[in-house]
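Remarks on the overall topology
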Amino acid sequence: MKYIIKRILQMIPSVLLVLLITFSLSRIVPGDPARMMAGEQAPEEAVERIREEMGLNKPIPEQFVVYVSEVARGDLGTAWHTGRPVAEDFAMRFPASFELALCALLLAVLIGVPVGIYAAAKKDSAVDHISRVITLLGTSVPVFWLGFMLIYLLYAKFEMIPAPFGRISDEIFPPTHITGLYLLDSILTGDIVAFKSAISHIFLPALCLCFGSLAIISRMTRSNMIEVLNLDYIRTARSKGIKESKVIGKHGFRNILVPVLTVIGAQLGGLIGNAVVVETIFNWPGIGSYITQSILQTDYAPVQAFTVISVLIYMFINLILDILYTVVDPRITY
Amino acid sequence: MKRKLTAMALSAVLALSLAGCGANANANANANSGNAAAGSETAGNGETSAAGEAEAGDKILTVAFAEGGRTLNPSQATDATSAVFINAAYDQLVTYGSTTNAEGYEVADTSDIQPSLAKSWKVSEDGMTYTIHLDENAKFATGDPVTADAVIFSFEHVKNSNYTGFLYTLANIDTMEKVDDLTIIFHLNKPCTIFFNLLQMHIFSILNPAELEGMTDEEIDAYLTTATAGSGAFEIEKWEATTEAVLNAREDYWKGKADLDKVLVKIIPEASNRVLLADKGDVDIAMVIPPKDLVTLADNEDLDCRSYESVSITYLSLNNENEALSNVKVRQAINYAMPYDSIVNDVLSGHAKKLDHVIPSAMPGHLDTDEGVYTQDLEKARALLEEAGYASGLELNLLVSSGNQDNADTAILVQDALSKIGVTVNIEKMERPQYLEATSSHNFDMAISAYSSFVNDPGYFFGNCLYSKGEYNYGSYKSDRVDAIWEEAEASNDLEDRYSLYQEAQMIVAGDAAWAPLYEKANIVVMDKNLSRYKYYPDGSIRFAEISK
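Residues numbered from 1 in each chain as written. Chains lettered and ligands numbered in written order. Predicted model: local features only at pLDDT ≥ 70, side-chain atom pairs only at ≥ 80, totals over all residues. Heavy atoms only, no water.

Digging into the overall build of chain A
- What chain A contains, in helices and strands, is 13 helices and two strands.
- Dimensions along the principal axes, computed over C-alpha positions, put chain A at roughly 85 × 55 × 40 Å.
- Residue burial in chain A is summarised as follows: out of 334 residues, 50% are buried.
- For chain A, the computed accessible surface area is about 16100 Å², with 70% contributed by carbon and sulfur atoms.
- Averaging the locations of the 27 positively and 27 negatively charged side chains of chain A gives two centres separated by 16 Å. (Helix = DSSP H or I, 4+ residues; strand = E, 2+ residues; numbered from the N terminus. Buried < 20%, exposed > 50% of the residue type's maximum accessible area, 1.4 Å probe, protein only. Areas by Shrake-Rupley, 256 points an atom, 1.4 Å probe, with all protein chains shown as cover. Lys, Arg positive; Asp, Glu negative; His and termini not counted. Charge placed at Lys NZ, Arg CZ, Asp CG, Glu CD.)

Thoughts on the overall build of chain B
- Within chain B, the regular secondary structure consists of 17 helices and 17 strands.
- Residue burial in chain B is summarised as follows: out of 549 residues, 56% are buried.
- A separation of at least 24 residues holds for 69% of the contacts in chain B among residues at least 6 apart in sequence.
- A total of about 22100 Å² of accessible surface is found on chain B, and carbon and sulfur atoms cover 47% of it. (Contact = heavy atoms within 4.5 Å.)

Brief notes about the packing of helix α15 (residues 458–465) of chain B against helix α17 (residues 495–512) of chain B
Residues and elements named next belong to chain B.
- In the contact formed by α15 and α17, the axes pass within 10 Å of each other and the chain directions differ by 35°. Between α15 and α17 the crossing geometry is left-handed. Every residue of α17 that contacts α15 at Pro458, Gly459 and Phe462 is listed here: Arg498, Tyr499, Tyr502, Ala505, Gln506 and Val509.
- Taken together, the residues of the contact of α15 with α17 break down into six nonpolar, two polar and one charged. (Axes fitted to C-alpha atoms, helices over the stretch in contact; angles between N-to-C directions. Left-handed = near helix turned anticlockwise from the far one by under 90°. Nonpolar A, V, L, I, M, F, W, Y, C, P; charged D, E, K, R; others polar.)

Some points on a negative patch on the surface
- Negative charge collects at one region of the surface, where Glu52(A), Glu53(A), Asp217(B), Glu218(B) and Glu219(B) lie side by side.
- Within the residue set of the negative patch, elements represented by two or more residues are α3 (44–53) of chain A together with α7 (217–226) of chain B.
- Element by element, the count of residues in the negative patch is highest for α7(B), at three residues.
- Under the relative-accessibility criterion, Glu218(B) is labelled exposed at 61%. (Patch = residues over 30% accessible without salt bridge, like charges linked within 9 Å, V, L, I, M, F, W, Y side chains within 5 Å. Salt bridge = Lys/Arg side-chain N within 4 Å of Asp/Glu carboxyl O.)

Re the environment of Glu395(B)
All names here are of chain B.
- Tracing the backbone shows Glu395 in strand β14 (residues 394–401).
- For Glu395, a relative accessible area of 54% translates into the label exposed.
- Sequence spacing of Glu395 and Asp445 is 50 residues, and the spatial spacing of their C-alpha atoms is 9.6 Å.
- Each residue touching Glu395, except ones within four places of it in the same chain, is listed here: Thr424 and Asn426.

A short note on the sheet that holds strand β4 (residues 118–123) of chain B
Residues and elements named next belong to chain B.
- With respect to topology, four strands assemble into an open sheet ordered β4-β5-β7-β6, the strand pairing being antiparallel. Of all the strands in the sheet, the pair left with one neighbour each is β4 and β6 (173–180). Across the sheet, the axes of successive neighbouring strands diverge by a mean angle of 20°, strand direction being ignored.
- When β6 meets strand β7 (residues 183–188), the two strands line up antiparallel, connected through six bridges. Within β7, the position partnered with Lys178 by the bridge is Ile184.
- Contacts from helix α4 (residues 148–159) reach β5 (129–134), β6 and β7, with the element oriented near 165° to β6. (Pairing = 2+ DSSP bridges.)

Quick word on the packing of aromatic side chains
Residue and element names in this part refer to chain B.
- Scanning the entire structure with this criterion turns up 26 aromatic pairs over all chains.
- Their ring planes at 75° and their centres at 6.3 Å tell us that Phe234 and Phe544 sit as a pair that is edge-to-face. Highlighted residues: Phe234 in strand β8 (residues 234–239) and Phe544 in the segment after β17 (516–528), separated in sequence by 310 residues. Taken individually, Phe234 and Phe544 each receive the classification buried, so the pair is uniform in this respect.
- Centre to centre, the rings of Tyr472 and Tyr474 are 6.1 Å apart; their planes meet at 75°, and the pair counts as edge-to-face. With respect to burial, Tyr472 and Tyr474 carry one shared label: buried.
- Positioned above the aromatic ring of Tyr537 is the side chain of Arg543, whose terminal nitrogen or guanidinium carbon lies 3.7 Å from the ring centre. (Phe/Tyr/Trp six-rings, centres within 6.5 Å; stacked < 30°, edge-to-face > 60°. Lys NZ or Arg CZ within 6 Å of the ring centre and 35° of its normal.)

Considerations on a nonpolar patch on the surface
Residue and element names in this part refer to chain A.
- Taken together, the side chains of Phe94, Phe98, Leu102, Leu106, Leu110 and Ile111 define a hydrophobic patch exposed on the protein surface, amounting to about 550 Å² of accessible area.
- Along the chain, Leu102 turns up in helix α5 (residues 86–121).
- On the accessibility criterion, Leu102 (35% relative accessible area) is partly exposed.

Concerning the side chain of Thr410(B)
Residues and elements named next belong to chain B.
- Here Thr410 is to be found in helix α13 (residues 405–419).
- Residue Thr410 is classed as buried on the basis of its relative accessible area of 0%.
- If near-sequence neighbours (up to four positions away) are discounted, Thr410 is found in contact with Ile343, Val347, Ile448, Leu518 and Tyr519.

Quick notes on the domain arrangement of chain B
Residues and elements named next belong to chain B.
- Taken domain by domain, chain B comprises domain 1 (7–268 + 530–548) and domain 2 (310–521).
- Taken together, the contact between domain 1 and domain 2 spans 18 residues of the former and twelve residues of the latter.
- Buried surface at the junction of domain 1 and domain 2, both sides included, amounts to about 1100 Å², of which 67% is carbon and sulfur.
- Area buried by domain 1 at its contact with domain 2 is led by Thr193, Ile194 and Pro538, which between them contribute 40% of it.
- Between domain 1 and domain 2 we count two residue pairs in polar contact (both at pLDDT 80 or more) in total.
- Its residues placed into classes, the side of domain 1 that touches domain 2 shows eleven nonpolar, five polar and two charged. (Domains from an automatic or database assignment. Buried area = accessible area lost by both parts, 1.4 Å probe. Polar contact = N/O pair within 3.5 Å; in protein donor to acceptor, adjacent residues only side chain to side chain.)

Quick look at the nonpolar core
- If you look at the biggest cluster of nonpolar residues, it comprises 126 residues, and the most contacted ones within it are Leu93(B), Phe155(B), Phe186(B), Ile285(B), Phe461(B), Phe462(B) and Phe544(B).
- Among all residues touching Ile285(B), those that are not within four sequence positions of it are Leu61(B), Thr62(B), Val63(B), Ala64(B), Val525(B), Val526(B), Met527(B), Leu531(B), Tyr534(B), Ile542(B) and Ile547(B). (Core = buried A, V, L, I, M, F, W, Y, C linked by side-chain atoms within 4.5 Å.)

Describing helix α4 (residues 60–72) of chain A
All names here are of chain A.
- In this model, α4 (13 residues) spans 18 Å end to end at C-alpha, consistent with the 18 Å of a helix rising 1.5 Å per residue.
- Looking only at α4, the buried set comprises Gln63, Phe64, Tyr67, Val68 and Val71. On an axial view of α4, the arc spanned by its buried residues comes to 130°, and they lie on one face. In α4, those exposed residues whose orientation departs by more than 90 degrees from the buried face are Val65 and Ala72.
- Turning to α4, the residues buried within the fold contact α1 (2–28) and α13 (300–328).
- In the segment just after α4, Gly74 is the residue with positive phi, at about 85°. (Expected span 1.5 Å × (residues − 1). Arc of directions from axis to C-beta.)

Topic: the environment of Ile427(B)
- Assignment of secondary structure puts Ile427(B) in strand β15 (residues 423–430).
- Other than its neighbours up to four places away in sequence, Ile427(B) contacts Leu398(B), Val400(B), Ala411(B), Ile412(B) and Gln415(B).

A short note on a positive patch on the surface
- Together, Lys243(A), Lys246(A), Lys250(A) and Arg254(A) give the surface a local cluster of positive charge.
- Inspection of the secondary structure puts Lys246(A) in helix α11 (residues 244–281).

Things to note about the packing of helix α11 (residues 340–347) of chain B against α13(B)
All names here are of chain B.
- Where α11 meets α13, the axes come as close as 10 Å, and the angle between the chain directions of the two elements is 145°. Relative to α13, α11 is oriented so that their crossing is right-handed. In this structure, α11 contributes Ser342, Ile343 and Val347 to the contact, and α13 contributes Asp406, Asp409, Thr410, Leu413 and Val414.
- Here the contact of α11 with α13 is built from residues that sort into four nonpolar, two polar and two charged.

Things to note about the environment of Ser124(B)
Residue and element names in this part refer to chain B.
- Position of Ser124 among the secondary structure elements: in the loop between β4 and β5.
- Taking the C-alpha atoms as reference points, Ser124 and Ala229, 105 residues apart in sequence, are found 32 Å from one another.
- Looking at Ser124, its side chain comes within polar contact range of the side chain of Asp126, at 2.6 Å.

This is the structure in structure tokens:
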């Protein structure tokens, strides 16, 4: 417990540093948000008045102090391109992004880990080779290309999925709001119609988003498992006549959990980044597509807030992982 | 351990299925009659199905936009997409009549001013006073009548706006006078030949002061960013700039309900996705389709791919402050070297028109003549360069803004063409904001520039782009004759007189080779053949109230 509190306190300077970096970056990048806001054809004096209104003509250090104190109070600023507070925009879009990331992670783990284990157990078998090819593709195919290809094939060519916009078809009601996650809410309310529509909408983006992570997770699982299976205690277990499935599934598996958890944690960071691309391609109403628009419109506030929140999420995941290590491996203590 | 887990999982499933007996938004989804009831049930959560509330057989229009606009505030919206929503929710005093263009499509006639909230008007002989009578039937969405006070309130709001106050100034309005509840007189400080052309713009939408009572100007602006207070044909149920917008036709619209019942606007940033959606028939209208993608859609018999003349032009800015480019012969040589045909045919797949003189064909004052027009002639270009003393060659940089593939492709063709006359071109690609800063501070040699006139008037266009003190005169072009003509034309009260002055000015600009005009863009709209009465406005903004399905 003491350890957790210590870790949380350690986060504060890191967050301040991140605030400073994102703030400076957005100010160093050329381009005048007041000009973008006023419109390209607005006269210079109008731009000047808007600059004043937004506080952009104050000294930069003063702008930073104002910014930090606002963030501390939970005020992430106002996104001028939607006219709403950033915190409100985020809250509204968060469930969509969370559901997508969760589905992608589940797919990556539930497919990646078993495939990795199987490939390790049956080294150099057909499954191993196929998984290696898929892995190679997963790490080398850019996610935007994959997205467009999947849309073209599954939507345009074979008509297997509905039009790639939104989380649910227009003629279907979103499930009654409980958690904001459509799949979960529709199960909770027994709403089969909404569930079917939601799953047909989330399937492609989740597949696309998980592809890269899936490849790395299965690869890491495989290599760790192969290493573990060569250790003495596994030979001992085998010589004792324990069934091979149990040797791998129990003796082997427990010992690869720490490195595999680390990989999964690291992949979550990649998921946040790729979500921006995937959401834009699939018109997913989450935070990623919102950030793309903000960047295109030179809207500082949401981009800064997104960076800070991503860092917080990442730190939080690392903390959870560190705690999980002690659970999966009792030898680890802090 | 394992048993415990199984038990937990089982109880969770049980809990879920029990909860399932509660509210189920789609419980009656198969029965049409159940839809409306379910809609009101879920409405409390702020999540209604976009089309769900509609009755079976409703006319729903689905439109794919590239972006969702920035604001619903009429006095702050300076982009065409925001204007779409504002035009749906508000009325202006006047509007344009219709005419048919060469392709047989219905288009707005900018010389035919028609009544809207204003029933009739009288303009004084000297063009200094405009007396406007409002329609007594006109009502805001709240039921309040549209009065002279509302008009004055709305115009005052534009006047004080940081964003669009310049349009109020442009209309030369000195004072506004309320004669009675339905009559206003505008007193001008000098004649304005485009007074009604300005008044039909979405900027001059009439706001309902009753809905905004007690708010300061800032509060009104903040409120109107996401809410509306107008008298228009649609109520905006939802507007999320990055995902979608939902508009419902108002049953009690004072001009009579629109033919459509509902409009769903989907924000699809990827052009290739918009093309796919249109091709599959999942949207009725798709906007901003790249010309090269029209080839894929041309075979689809359910679609109508229309290109309209627009006021968007693309040209090569030449910085007259650059030593070499300050020489008129060098500028003329560059004009003679431009690969006009390959730009139009290869970059824009033929869906554009070569811009002969600077004023595009959709703008009044357009000059339709071969005289003074540059066509590619490399021999002549080389000779001119030699005369200017650059026989041994010349090196220039060329700025392109990122995010527009057409401009990037054009830059490469320009680079190639100029290399043939001995001009070495270095292409510099910049982010949009960076590019804007470089061009407006005249810190470049050449740039691929685009301009779309916010006000469809040659005076506005010349004043911004070619008048020596113009805000968008990136190349610092200065001609005393053009300046004198602009000043004379802006003081004139006669439209035809102004237009002929601007035609004269265009010939001077052509002789000076101020820039190299490349092409005028076509505004491409892809729509379902079942739609009728789609009327095109030169501002590119759709008026949903006029569309029938």
